[in-house]
Amino acid sequence: VVEQEGEKIYMQTLAEFRNLDMSDLFYAFNEFGLDIITHSNIDGTLSGNADVTTVWDSGLNPLYEEIKGHAIITIDKGELIDYKPMLGLSRFIELDELKRIKFDRMQMDIHIKDKNLNIARTYIKSSVFAMYGSGDHNFDNEYTYKIQLQMEEVLWKKAKKRTPESTE
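Structure report, in brief.

Cut-offs applied
- Residues numbered from 1 in each chain as written.
- Predicted model: local features only at pLDDT ≥ 70, side-chain atom pairs only at ≥ 80, totals over all residues.
- Heavy atoms only, no water.
- Helix = DSSP H or I, 4+ residues; strand = E, 2+ residues; numbered from the N terminus.
- Buried < 20%, exposed > 50% of the residue type's maximum accessible area, 1.4 Å probe, protein only.
- Areas by Shrake-Rupley, 256 points an atom, 1.4 Å probe, with all protein chains shown as cover.
- Contact = heavy atoms within 4.5 Å.
- Core = buried A, V, L, I, M, F, W, Y, C linked by side-chain atoms within 4.5 Å.
- Pairing = 2+ DSSP bridges.
- Lys, Arg positive; Asp, Glu negative; His and termini not counted.
- Salt bridge = Lys/Arg side-chain N within 4 Å of Asp/Glu carboxyl O.
- Phe/Tyr/Trp six-rings, centres within 6.5 Å; stacked < 30°, edge-to-face > 60°.

1. Thoughts on the overall build of the chain
Phase 1 of the analysis: Secondary structure assignment for the chain yields 4 helices and 8 strands.
Phase 2 of the analysis: Looking at the chain residue by residue over its 168 residues, the buried ones come to 33%.
Phase 3 of the analysis: With an accessible surface of roughly 11100 Å², the chain has 53% of that area assigned to carbon and sulfur atoms.

Here it is as structure tokens:
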């Protein structure tokens, strides 16, 4: 839906997308302007629904502070590949395991408001560990991501590798 109110032009987009290749998507959209994660760091398929309202002035310049949106997306058969922030966990987890972290499914709830993209707390069960993640990413490419690992699971797995299984 496109409509003009005074000097502003509003466009509301309702989108449904299914089984988009994550790596191809990041590549096609020039990494979405991100440098922390690129098409070479991710794999999997993206599906979901989005409701986004964009606003422009009469010269068709975007008014970023007025953009609003909500999306619920699902990533299936996801993978983080050589993702540097995760490689820092090599003190606790074998480096080879951290180079390719796989997960079956992750669902995220995303809100866009006040030049900020907010990712609500999300549970991720991967091939290496379980964690919760959330964060804010503003339109100036400044971000704060919070990751809460379930370290007891990581440490238990590490201790179990060092101690041979009992046969009894």
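2. Things to note about the side chain of S47
Phase 1 of the analysis: Mapping S47 onto the fold places it in strand β3 (residues 42-56).
Phase 2 of the analysis: Residue classification places S47 among the buried positions, given a relative accessible area of 10%.
Phase 3 of the analysis: Those residues in contact with S47 that sit more than four places away from it in its chain are F17, R18, N19, I72, I73 and T74.

3. Quick notes on the nonpolar core
Phase 1 of the analysis: Of all hydrophobic cores here, the largest spans 29 residues; its most connected members are M86 and F129.
Phase 2 of the analysis: At the level of secondary structure, the elements contributing two or more residues to this core comprise α1 (22-28), β3, β4 (68-81), β5 (100-113) and β6 (116-125).
Phase 3 of the analysis: Of the residues forming this core, the biggest block, 5 residues, is contributed by β5.
Phase 4 of the analysis: Ignoring sequence-local partners within four residues, the contact set of M86 consists of L80, L98, I101, F129, M131 and I147.

4. So, the pairing of strand β7 (residues 130-138)
Phase 1 of the analysis: Judged from the 8 bridges that link them, β6 and β7 form a sheet pairing that is antiparallel. Paired with K125 across the bridge in β7 is A130.
Phase 2 of the analysis: In this structure, β7 lies alongside strand β8 (residues 143-149), joined through 7 bridges in antiparallel fashion. Its bridge partner lying in β8, D136 is registered against T144.
Phase 3 of the analysis: Turn length for the β7-β8 hairpin, with the two strands adjacent in sequence and antiparallel, is 4 residues, and the turn residue N141 shows positive phi of about 65°.

5. Some points on the side chain of E31
Phase 1 of the analysis: Among the structural elements, E31 can be located in the loop between α1 and β3.
Phase 2 of the analysis: Nearest to the buried, unbridged E31 among oppositely charged side chains is K84, at 14 Å.
Phase 3 of the analysis: Other than its neighbours up to four places away in sequence, E31 contacts F26, T38 and H39.

6. Description of the packing of aromatic side chains
Phase 1 of the analysis: As enumerated under the stated definition, the model contains 5 aromatic pairs in all.
Phase 2 of the analysis: Geometrically, the ring pair formed by Y64 and F139 is edge-to-face, given 6.0 Å between the ring centres and 80° between the ring planes. Linking Y64 in the loop between β3 and β4 with F139 in the loop between β7 and β8, this pair joins segments that are 75 residues apart in sequence.
Phase 3 of the analysis: Classification of Y64 by relative accessible area gives partly exposed; the value is 42%.
Phase 4 of the analysis: Within the aromatic cluster, the residues linked to one another by ring pairs are F26, F29 and F32.

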